[in-house]
Protein chains: 2
Amino acid sequence: MKCRKCGQVAVINMRQHKLALCADHFTDWVPAQVEKSIRKYRMFTPRDRVLVAVSGGKDSLALWDVLLKLGYCADGLYLGLGIDGGFGYSDESQRKCEAFVKSVESGTLGIGKSGNQGAREARSPDSHSPDSQTPDPWLPKLHTLSIPATYGESIPEVAGRVQRGRGKPCSVCGLIKRHEMNRFAYELGYSVLATGHNLDDEAAVLFGNTMTWQVGYLARQGPVLPESDGFARKVKPLCRLYEREMAAYCLVRGIDYIYEECPYSFGATSIAHKELLAELERKSPGAKQNFYLSFLRAKENGFLNDHHQELSPLMHACERCGQPTTAPGLCAFCRLWVNVKI
Amino acid sequence: MKCRKCGQVAVINMRQHKLALCADHFTDWVPAQVEKSIRKYRMFTPRDRVLVAVSGGKDSLALWDVLLKLGYCADGLYLGLGIDGGFGYSDESQRKCEAFVKSVESGTLGIGKSGNQGAREARSPDSHSPDSQTPDPWLPKLHTLSIPATYGESIPEVAGRVQRGRGKPCSVCGLIKRHEMNRFAYELGYSVLATGHNLDDEAAVLFGNTMTWQVGYLARQGPVLPESDGFARKVKPLCRLYEREMAAYCLVRGIDYIYEECPYSFGATSIAHKELLAELERKSPGAKQNFYLSFLRAKENGFLNDHHQELSPLMHACERCGQPTTAPGLCAFCRLWVNVKI
């Protein structure tokens, strides 16, 4: 298999695009695809300060690398969840994020167009940023927050204590991550929160919501969740890239990431859905992409009535943390810690 | 496994309903389910004259049996397609339909509540029906129409001659069946055309339309397609029953049907979709039903914008057959026979 652009040996053959590329051209192709998504869905501009939620996995580290290459002002946020799983899952994940930042500092990763005026302005010491005192304002920063150190309990410990966590900690983990990422973005003045969800992730979520026609979720699912009072804008710049493309990107870029899945992800419904979609993709290359992108087009064309969204209950500020919530009194996050001294 | 109603040996265990039933209770349960669907989706009443499209397969013969048991006025229409497949597929199918009618005439099948006044009125010799001269107006009638005898060509022959039939005759076959069933219903004064599509069929079609978000098809898919100028109402009374339930129903009722699939159905996309849905159902009993019924609920609740339907091009009468069509001049059916002497 040869690269379509230069005839060198291809490192990846993307059947759904009928496109094989060599390492160099693939390394250019991925950021170009991400840039297309950023513009198509109006995710952000070089003047925005973007906070990338990094887990140490391939998608989020690749995303951070791509955004830096493209010249965006993008910092990272690593949330330490205190998950061990017998192999120090959380500690190892954090090390991968820290190693990535070191590679950026040494100039081997995340090198982008220098002189991107927008990103320079976004990082300017004059701009309203609590981070403006970092040694080199042009270098990206990795924020880390340990849930056990901050709240006194790891995710599995919280999950074991509350009703919501019965059986599996995933629901509690999602709740805590959403709350803390939003708090960080808001407190540190980031206008945009970017996550590494790829096409496989998005298609699997869409598949789950479609198999049960969860109209509320369907109306909200998309690559951009607009900002609203107290919530940062959330974007998914990798939403049109396959998982295997992101793995290949990390390989050719030399991004070291944690290969292990979260030890609690075993048996998740989303994994079963991913298997079914993989089967569909195997029979008909591009089926996964077509499923997700035709859904976005149908939404854009007004096919899905979002009056459910308009009818959603009014938000008010949580009495404890101030984040918007529909629950009376405390938000779901703060209710996790009622009667617990933090 | 014991029948939940009487404790006798069960013949079927329906995991999605958590319900096991003996032969007698299952034979009552199926018509009760069909009656529920007929009422829920307002398909027809005992005063309607219903034309059941029978293929000789399990679903359509079971449907006819159930409608007669329930006391509806239901006649059959068998379309001879001239498909052989090395085992006389069409001839054998017709024999199964004829044998079914004989069993009804001899009183072993299709026995319903006698004295259903609505159905009696619908069959009354005074009613406006070209069929009112049948020897016994209370007995159902099987209409047969041979495509080769009427149009001089079998389905595979037509398909082999026209652009639309390249590769597979299924598209041409569907077009011809829709046209002829509608013509029959219209000319013989039937207000409703009923087909044997079961839940597996409907879920597979829905799955296909959802995987590519075919908004036009999604907006129209449902158990009832309302009548419009020149088109009879189309209904699918088995839409909430699983395929295996229909097979079991035929078995316990002693309905003999053609086991073979149409020889051209091999490799159809709908079969691949059925396999994926079967996998989903295996992992989570009821998933298939939930997929289809939650879709219908979402539609009922106005989640899908059907403005696409409103924007559909205007219909006019075909210059040759008079059936409504959006194409200028001749309808798609009549265009099949241009330059062919019938």
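Quick caveat: nothing in here was measured; it's all calculated off a predicted structure. Counting starts from 1 at the beginning of each chain's written sequence and moves along it residue by residue. Chains and ligands are labelled by the order in which they are written, letters from A for the one and numbers from 1 for the other. Owing to the predicted nature of the model, reporting of local features is limited to residues with pLDDT of at least 70; listing and counting of side-chain atom pairs is limited to 80 or more, with chain, interface and lining totals taken over all residues. For side-chain calculations, the full set of non-hydrogen atoms in the structure is used, while hydrogens and water are omitted.

1. Considerations on the packing of aromatic side chains
Aromatic pairing here means that ring centres of Phe, Tyr or Trp (its six-membered ring) are within 6.5 Å. Orientation follows from the plane angle: under 30 degrees is stacked, over 60 is edge-to-face, and everything else is tilted. By the definition in use, this model includes 22 aromatic pairs over all chains. Their ring planes at 55 degrees and their centres at 5.0 Å tell us that phenylalanine 295 of chain A and tryptophan 213 of chain B sit as a pair that is tilted. A residue pair is termed interchain when its members come from two chains, as with phenylalanine 295 of chain A in helix H12 (residues 287-300) and tryptophan 213 of chain B in the loop between helix H8 (199-211) and helix H9 (215-220). Relative accessible area decides the class of each residue, using a 1.4 Å probe on protein chains only: under 20% of the type maximum gives buried, over 50% gives exposed, and in between gives partly exposed. The exposure class of phenylalanine 295 of chain A is buried, given its relative accessible area of 0%. Considering the side-chain rings of phenylalanine 44 of chain B and tyrosine 72 of chain B, the 4.9 Å spacing of their centres and the 90 degrees angle between planes classify their relative orientation as edge-to-face. Only DSSP runs of H or I covering at least 4 residues are called helices, and only runs of E covering at least 2 are called strands; the numbering of each starts at the N terminus.

2. Points about the pattern of salt bridges
Between Lys or Arg on one side and Asp or Glu on the other, a salt bridge is scored when a side-chain nitrogen of the former is within 4 Å of a carboxyl oxygen of the latter. Under the criterion given, the structure shown has 36 salt bridges over all chains. For arginine 282 of chain A, the salt bridge goes to glutamate 279 of chain A, with nearest N and O atoms at 3.1 Å. On the criterion of helical spacing, the pair formed by arginine 282 of chain A and glutamate 279 of chain A is a turn pair, its members being three residues apart in helix H11 (residues 269-283). Note that glutamate 187 of chain B is salt-bridged to arginine 183 of chain B, the shortest N-O span being 3.3 Å. Here arginine 183 of chain B and glutamate 187 of chain B lie together in helix H7 (residues 170-187), a separation of four residues that amounts to about one turn. Via salt bridges that share partners, Lys58, Asp59, Asp201, Glu243 and Lys274 of chain A belong to a single interconnected network.

3. Re the relation of the copies chain A and chain B
Superposing chain A onto chain B takes a rotation of 180 degrees combined with a translation of 0.0 Å along the rotation axis, leaving an RMSD of 0.0 Å. Accordingly, the operation relating the two chain copies is best matched by a two-fold axis. In terms of C-alpha distance to the rotation axis, chain A has leucine 304 of chain A as its closest residue, with the C-alpha 2.5 Å off the axis. Here 100% of the interface residues in chain A have copies in chain B that are interface residues too; the copies meet face to matching face. Superposition of the copies used a least-squares fit over C-alpha atoms from residues whose pLDDT is at least 70 in both. Residue contacts follow a heavy-atom distance rule, with two residues in contact if any of their heavy atoms lie within 4.5 Å.

4. A look at the interface of chain A and chain B
Counting from both sides, the interface comprises 29 residues of chain A and, opposite them, 29 residues of chain B. The quantity reported as buried area is the accessible area (1.4 Å probe) lost by two parts once they are put together, taken as the sum for both. Here chain A and chain B share an interface that buries about 2400 Å² over both sides, 71% of which is from carbon and sulfur atoms. Summed over the three residues of chain A that lose the most area to chain B, namely Met211, Trp213 and Phe303 of chain A, the buried surface amounts to 34% of that side. Applying the counting criterion to the chain A and chain B interface returns two salt bridges. For lysine 283 of chain A, the salt bridge identified is with glutamate 275 of chain B, shortest N-O distance 3.6 Å. For the purposes of these results, a polar contact is taken to be a pair of N or O atoms within 3.5 Å, where, inside protein, one atom must be able to donate a hydrogen and its partner to accept one; residues adjacent in sequence count only when each atom of the pair is a side-chain atom. Inspection of the chain A/chain B interface yields two residue pairs in polar contact (both at pLDDT 80 or more). Mapped onto the side of chain A that touches chain B, the elements with two or more residues apiece are helix H8 (199-211), helix H9 (215-220), H11, H12 and helix H13 (307-310) of chain A. In terms of residue count, the dominant contributor to the side of chain A that touches chain B is H11 of chain A (seven residues). The class makeup of the residues in the side of chain A that touches chain B is 16 nonpolar, 10 polar and three charged. Here the nonpolar group is Ala, Val, Leu, Ile, Met, Phe, Trp, Tyr, Cys and Pro; Asp, Glu, Lys and Arg are the charged ones; every other residue, Gly included, is treated as polar.

5. A word on helix H7 (residues 170-187) of chain A
All names here are of chain A. The span one expects for a helix is its residue count, reduced by one, times 1.5 Å. For H7, with 18 residues, the first-to-last C-alpha span of 25 Å sits near the 26 Å given by 1.5 Å per residue. Within the span of H7, buried status applies to Val172, Cys173, Gly174, Leu175, Ile176, His179, Glu180, Met181, Asn182, Phe184 and Ala185. Glycine 189, located one to two residues past H7, shows a positive phi value of around 75 degrees.

6. Quick notes on helix H3 (residues 89-105) of chain A
All names here are of chain A. In this model, H3 (17 residues) spans 25 Å end to end at C-alpha, consistent with the 24 Å of a helix rising 1.5 Å per residue. Close packing links the buried residues of H3 with strand E3 (49-54), helix H2 (58-69), strand E4 (73-80) and strand E5 (142-146). Of the residues one or two after H3, glycine 107 is the one with positive phi, at around 90 degrees.

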